[in-house]
Amino acid sequence: MSHSPSLPDRPRLELDPEMSEAERLEAIRQHYRRIVHVNDELEDRLEDAQGRRGDLKTDVDELKRENEVLKTSSLYIASVEEMTEDGVVIKQHGNNQEVLTQTATRLDADLRPGDRVAINDSFAIQQVLDDETDSRAQAMEVTESPDVEYADIGGIDEQIREVREAVEDPLENPEQFETVGVEPPSGVLLHGPPGTGKTMLAKAVANESDATFIKMAGSELVRKFIGEGSRLVRDLFELAAEREPAVIFIDEIDAVASKRTDSKTSGDAEVQRTMMQLLSEMDGFDERGEIRIIAATNRFDMLDEAILRPGRFDRLIEVPEPDTEGRERILEIHSQEMNVADDVDVSEVAADLEGYSGADIASVATEAGMFAIRDDRTEVVQEDFERAREKLQDVEGTDEQVIHYQY
Ligand SMILES: Nc1ncnc2c1ncn2[C@@H]1O[C@H](COP(=O)(O)OP(=O)(O)OP(=O)(O)O)[C@@H](O)[C@H]1O
């Protein structure tokens with residue numbers, strides 16, 4: 001590339017009055033050729049200059065970016081709480097301080113409450129972080145087809161029937177609901193003591209309706225993902241829309257939907273915001289297509305009534321502790337793969353397990369098998385079940401009992 005500063009001389013047309021017609025014509029022709037030549041040369045130079053300009057612009061952009069990075073090298077993570085006329089209210093992760101700040105105009109349109117953002121030392125928002133962050137993956141358990149079937153669940157046949165009616169039927173035969181002119185229930189709330197099969201039931205109905213199972217634990221939203229609750233709830237519904245047909249399962253919903261307490265700590269405000277997000281997602285649920293939502297709690301008494309209104313969790317299903325017959329069925333399910341001696345009387349074992357949940361009974365079966373192994377036997381005998389029950393009673397002692405009692 002030549003970058004000579006001087007421009008080529010401007011060609012001059014010199015005509016002598018003495019010249020003949022033919023000479024004049026020739027002089028004009030030559031002049032024309034010179035002009036064309038100079039023009040070509042100028043065009044080449046222009047092209048070079050433009051190329052050079054492009055190179056310089058790339059350098060400038062690069063430097064600008066570096067400068068930006070240097071200026072904002074230590075960014076902190078925060079969540080957008082609210083968009084107000086005066087600016088954006090954010091809360092920094094790790095401390096609960098709320099700050100009113102400004103944002104670069106180029107980001108304005110993209111911001112929504114609940115977004116995770118990167119802020120600089122002066123709290124100015126520099127960047128909106130991607131939705132697909134680690135916490136989204138961590139906070140949600142997604143299973144294409146959970147390996148639980150209705151036949152694996154014992155003692156709650158009536159509850160299975162109700163859940164199928166509220167979840168499976170609308171997913172499989174939406175037209176039937178339309179023809180008859182009834183709205184399927186918006187959300188199903190399973191309530192009852194711990195370990196009675198609520199999660200199993202939600203997994204089984206997702207599996208048997210060929211729906212993706214997406215689980216989120218309410219307790220984790222408030223303990224582990226502080227400041228991200230409402231965003232994660234929004235992501236949960238977005239993910240379900242991407243994966244429909246889908247069953248959303250919110251375990252321990254009481255953690256985000258408890259009756260309002262009087263204290264006004266920011267922790268409570270945050271839980272409140274998470275619940276509001278959940279309510280607004282459910283209110284806009286009609287248009288969401290093939291998504292059903294199930295929640296579970298063992299603290300039904302603590303729930304805020306707002307979540308039980310029509311259009312939200314409007315189908316309540318109690319999943320109680322199993323009765324004798326139920327316990328027998330659960331014991332059969334959990335020992336069907338075990339080599340149990342013919343003379344074991346399952347109904348007698350079950351009768352002794354009064355107050356045991358399905359989860360407790362599963363442990364009794366496993367523990368009975370362990371006793372047989374310890375005794376170097378290949379068959380599980382009646383006494384193994386009794387010893388297992390005694391052992392678990394000793395181990396469980398207080399904690400579990402207290403929870404059961406509270407319920
Ligand atoms: N009705 C049941 N039939 C068969 N197994 C059961 C039943 N209930 C519980 N179990 C056993 O207990 C385990 C835990 O059950 P599950 O997680 O479904 O209970 P949950 O009601 O959701 O409990 P939590 O309230 O503590 O979340 C299951 O994996 C299963 O092994």
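Definitions and cut-offs
- Residues numbered from 1 in each chain as written.
- Predicted model: local features only at pLDDT ≥ 70, side-chain atom pairs only at ≥ 80, totals over all residues.
- Heavy atoms only, no water.
- UniProt positions renumbered as here; feature names shortened; annotations may be inferred.
- Near = heavy atom within 4 Å.
- Polar contact = N/O pair within 3.5 Å; in protein donor to acceptor, adjacent residues only side chain to side chain.
- Areas by Shrake-Rupley, 256 points an atom, 1.4 Å probe, with all protein chains shown as cover.
- Helix = DSSP H or I, 4+ residues; strand = E, 2+ residues; numbered from the N terminus.
- Domains from an automatic or database assignment.
- Contact = heavy atoms within 4.5 Å.
- Buried < 20%, exposed > 50% of the residue type's maximum accessible area, 1.4 Å probe, protein only.
- Patch = residues over 30% accessible without salt bridge, like charges linked within 9 Å, V, L, I, M, F, W, Y side chains within 5 Å.
- Salt bridge = Lys/Arg side-chain N within 4 Å of Asp/Glu carboxyl O.
- Lys, Arg positive; Asp, Glu negative; His and termini not counted.
- Charge placed at Lys NZ, Arg CZ, Asp CG, Glu CD.
- 1 Å grid on protein atoms, 1.4 Å probe; cavity = no way out; pocket = protein on both sides within 12 Å on 5 of 7 lines; lining within 4 Å.
- Points joined across faces, edges and corners; volume = space filled by probe spheres on them.

- As named in an unreviewed UniProt entry, the protein is Proteasome-activating nucleotidase, taken from Halorubrum cibi.
- Regarding the protein, the UniProt comment filed under Sequence similarities (unreviewed entry) reads as follows: "Belongs to the AAA ATPase family."
- Recorded in UniProt under Subunit (unreviewed entry), the annotation for the protein is "Homohexamer. The hexameric complex has a two-ring architecture resembling a top hat that caps the 20S proteasome core at one or both ends. Upon ATP-binding, the C-terminus of PAN interacts with the alpha-rings of the proteasome core by binding to the intersubunit pockets."

## Here's the deal with the site of the ligand
Okay, so step 1: Around the ligand, the surrounding shell holds 17 residues, and the nearest of these are Gly154, Gly195, Lys198, Thr199 and His334.
Okay, so step 2: Contact distances for the ligand include 2.8 Å between an oxygen atom and a side-chain N or O atom of Lys198.
Okay, so step 3: At 2.9 Å, a side-chain N or O of His334 approaches a nitrogen atom of the ligand.
Okay, so step 4: About the coverage of the ligand: the protein hides 77% of its 630 Å² of free accessible area.
Okay, so step 5: Listed by contribution, the elements that provide at least two residues to the shell around the ligand are helix H6 (198-208), helix H10 (324-335) and helix H12 (358-374).
Okay, so step 6: Taken domain by domain, the shell around the ligand gets at least three of its residues from each of domain 3 (138-318) and domain 4 (324-406).

## Some thoughts on the side chain of Thr101
Okay, so step 1: Within the secondary structure layout, Thr101 lies in strand E3 (residues 98-101).
Okay, so step 2: Separated by 2.7 Å, the side chain of Thr101 and the backbone oxygen of Phe123 make a polar contact.
Okay, so step 3: Look past the residues within four positions of Thr101 in its chain and what remains in contact with it is Gly87, Val88, Ile90, Ser122, Phe123, Ala124 and Ile125.

## Details of the side chain of Ser230
Okay, so step 1: Inspection of the secondary structure assignment puts Ser230 in helix H8 (residues 229-243).
Okay, so step 2: By relative accessible area, Ser230 is classed as buried at 14%.
Okay, so step 3: Filtering out sequence-adjacent residues up to four positions away, Ser230 remains in contact with Gly114, Arg273, Thr274 and Gln277.

## A look at unusual backbone geometry
Okay, so step 1: A cis geometry characterises the amide bond from Glu244 onward to Pro245, with omega recorded as 0 degrees.
Okay, so step 2: Examined against the element boundaries, Pro245 turns out to sit in the loop between H8 and strand E9 (246-251).
Okay, so step 3: Phi angles above zero are rare outside glycine, and Glu252 is one such case at about 50 degrees.
Okay, so step 4: As for its placement among the helices and strands, Glu252 is situated in the loop between E9 and helix H9 (266-283).
Okay, so step 5: Here Asp376, not a glycine, exhibits a phi torsion of approximately 60 degrees, which is positive.
Okay, so step 6: Within the secondary structure, Asp376 is located in the loop between H12 and helix H13 (382-406).
Okay, so step 7: On the accessibility criterion, Asp376 (71% relative accessible area) is exposed.

## Quick look at a negative patch on the surface
Okay, so step 1: On the surface, a cluster of negative charge is made up of Asp40, Glu43, Asp44 and Glu47.
Okay, so step 2: Inspection of the secondary structure puts Glu43 in helix H1 (residues 21-71).

## Remarks on empty space enclosed by the protein
Okay, so step 1: Overall, the coordinates contain four cavities of 30 Å³ or more when judged by the stated rule.
Okay, so step 2: Roughly 70 Å³ of volume is contained in the largest cavity.
Okay, so step 3: If you list the elements that add at least two residues to the lining of the largest cavity, you get strand E1 (76-84), H8 and H9.
Okay, so step 4: Each of domain 2 (76-129) and domain 3 (138-318) contributes no fewer than three residues to the lining of the largest cavity.

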